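# Breakdown of the fold
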Amino acid sequence: MRDAVAPFNVLMELDKGVLEPTDHTKRRHLSDMHGMYLEEPDEAAGDALVYTVHEIVVPESPDHIQCSTTILQPGRVGREFFMTKGHFHEVRGRSEVYLGLRGEGRLVMATEGGDHAVEHIVPGSVSYVPGGWAHRSVNIGSELLVFFAAYVGDAGHDYATIEDEGLPVLLTDAPDGPRVERNPRYTQR
Ligand code: M6P
Ligand code: ZN
């Protein structure tokens, strides 16, 4: 972790989402997404890379703001587009902001009560994720989806709550374009 007391700069390659320097990089492959898609991936897909997250790490305190870039590969598992795992914040009230940099995506959000919202991620889009809303990004295009995210320092990631059932809606590749479909596995809590 850098000395968060001193001001600092990092440089972002806008079309690739690479931060220089980066404190931490995580990569999620199909094997990390087990059970999150309705269908299991084709064996032919192997353990493909789904997305990469480059993080600037600062103290996990509400005085700080965590920043990261996410690079989502184009692809599908069955009819569903490649997506991030998605999460609630462990501290439910913590909010987040997304800035689209490249490609075309959707930001799927949902509350624990079952409300949902779907916003576009495109270069220049600024999306506000209020506290209490789980969020997952989906690449609906044929090129990389790249976006920047900033969130309150102590937010934390709660993956478990949506791991089994997912979110109320799915983004699928339909003949007439990307479609928001009800998730048959979701039951309202
Ligand atoms: C965004 C932010 C990060 C998150 C990343 C990948 O960059 O919301 O906090 O880690 O997307 O999403 P996930 O953690 O759900 O895999
Ligand atoms: Zn978040």
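Please refer to the structure higher up on the page.
Residues numbered from 1 in each chain as written. Chains lettered and ligands numbered in written order. Predicted model: local features only at pLDDT ≥ 70, side-chain atom pairs only at ≥ 80, totals over all residues. Heavy atoms only, no water.

Turning to the sheet that holds strand β4 (residues 49–56), a few remarks are in order. In space, the six strands of this open sheet follow the order β3-β4-β5-β13-β8-β11, with antiparallel pairing throughout. Each edge of the open sheet carries a strand with a single partner, namely β3 (24–29) and β11 (126–129). Each strand of the sheet is rotated relative to its neighbour by a mean of 20 degrees, with strand direction disregarded. Relative to strand β5 (residues 65–72), β4 is paired through six bridges, and the arrangement is antiparallel. If you follow threonine 52 over to β5, its bridge partner there is isoleucine 71. (Pairing = 2+ DSSP bridges. Helix = DSSP H or I, 4+ residues; strand = E, 2+ residues; numbered from the N terminus. Axes fitted to C-alpha atoms, helices over the stretch in contact; angles between N-to-C directions.)

Let's shift gears to the coordination of the zinc ion (ligand 2). The protein atoms donating to the zinc ion (ligand 2) are His87 (NE2), His89 (NE2), Glu96 (OE) and His135 (NE2), with metal-donor distances spanning 2.1 to 2.2 Å. Coordination at the zinc ion (ligand 2) comes from four donor atoms whose angles at the metal span 82 to 161 degrees, giving a geometry best classed as irregular. Sequence spacing of the donors to the zinc ion (ligand 2): H-x1-H-x6-E-x38-H. Placement of histidine 89 in the loop between β7 (80–81) and β8 (96–102) and of histidine 135 in strand β12 (residues 134–139) is noted, with a sequence separation of 46 residues between them. In this pair, the class of histidine 89 matches that of histidine 135, namely buried. (Donors = N, O, S within 2.8 Å, 3.2 Å for Na, K, Ca; no water. Tetrahedral: all angles 85-135°; square planar, octahedral: opposite > 155°, others 65-115°. Buried < 20%, exposed > 50% of the residue type's maximum accessible area, 1.4 Å probe, protein only.)

Per the stated rule, a full pass over the model turns up three cavities of 30 Å³ or more. A volume near 210 Å³ is recorded for the largest cavity. Lining the largest cavity are 21 residues; nearest its centre among them are Val53, Thr70, His87, Tyr98 and His157. The set of elements that each furnish at least two residues to the lining of the largest cavity consists of β3, β4, β5, β8, β12 and β13 (145–152). Of the residues assigned to the lining of the largest cavity, the class counts are seven nonpolar, eight polar and six charged. In terms of lining, the second largest cavity is formed by 13 residues, of which the most central are Met36, Arg136, Glu165, Gly166 and Arg185. (1 Å grid on protein atoms, 1.4 Å probe; cavity = no way out; pocket = protein on both sides within 12 Å on 5 of 7 lines; lining within 4 Å. Points joined across faces, edges and corners; volume = space filled by probe spheres on them. Nonpolar A, V, L, I, M, F, W, Y, C, P; charged D, E, K, R; others polar.)

Take the nonpolar core next. Met33, Tyr37, Val50, Phe82, Tyr98 and Val138 are the most contacted members of the largest nonpolar core, which has 30 residues in total. Listed by contribution, the elements that provide at least two residues to this core are β4, β9 (105–110), β12, β13 and β14 (169–174). It is β9 that contributes the most residues to this core, four residues altogether. Ignoring sequence-local partners within four residues, the contact set of tyrosine 98 consists of Leu107, Ile121, Ser125, Val126, Ser127, Val129, His135, Ser137, Phe147, Phe148 and Ala149. (Core = buried A, V, L, I, M, F, W, Y, C linked by side-chain atoms within 4.5 Å. Contact = heavy atoms within 4.5 Å.)

Here we take up the site of ligand 1. For ligand 1, the set of nearby residues contains 16 residues, the closest of which are Tyr51, Thr70, Glu96, His157 and Tyr159. Taking serine 68, its side chain carries an N or O atom lying 3.0 Å from an oxygen atom of ligand 1. Contacts to ligand 1 include tyrosine 151, whose side-chain N or O atom sits 3.4 Å from an oxygen atom. Alone, ligand 1 offers 370 Å² of accessible surface; in the complex the protein occludes 100% of this. Taken atom by atom, the bulk of ligand 1 overlaps the largest cavity. Put simply, the parts of the chain that give the shell around ligand 1 at least two residues each are β4, β5, β8 and β13. When its residues are assigned to classes, the shell around ligand 1 shows seven nonpolar, six polar and three charged. (Near = heavy atom within 4 Å. Polar contact = N/O pair within 3.5 Å; in protein donor to acceptor, adjacent residues only side chain to side chain. Areas by Shrake-Rupley, 256 points an atom, 1.4 Å probe, with all protein chains shown as cover. Sits in = over half its atoms within 2 Å of the grid points.)

Quick look at the packing of aromatic side chains now. Summed over all chains, the structure comprises one aromatic pair. Residues tyrosine 98 and phenylalanine 147 carry aromatic rings whose centres are separated by 4.6 Å and whose planes lie at 15 degrees to one another, so their mutual orientation is stacked. In this pair, tyrosine 98 is assigned in strand β8 and phenylalanine 147 in strand β13, connecting sequence segments 49 residues apart. Neither tyrosine 98 nor phenylalanine 147 differs from the other in exposure class; each is buried. For lysine 85, the ring lying beneath its charged end belongs to tyrosine 159, and the centroid distance is 5.2 Å. (Phe/Tyr/Trp six-rings, centres within 6.5 Å; stacked < 30°, edge-to-face > 60°. Lys NZ or Arg CZ within 6 Å of the ring centre and 35° of its normal.)

A separate point is the sheet that holds strand β10 (residues 116–121). Strand pairing in a sheet relies on backbone hydrogen bonds. The paired strands run either parallel or antiparallel. Pairing in this open sheet of three strands is antiparallel, and the strands run β10-β9-β12 from one edge to the other. Only two strands of the sheet have a single partner each, and these edge strands are β10 and β12. Averaged over neighbouring strand pairs, the angle between their axes works out to 20 degrees when direction is ignored.

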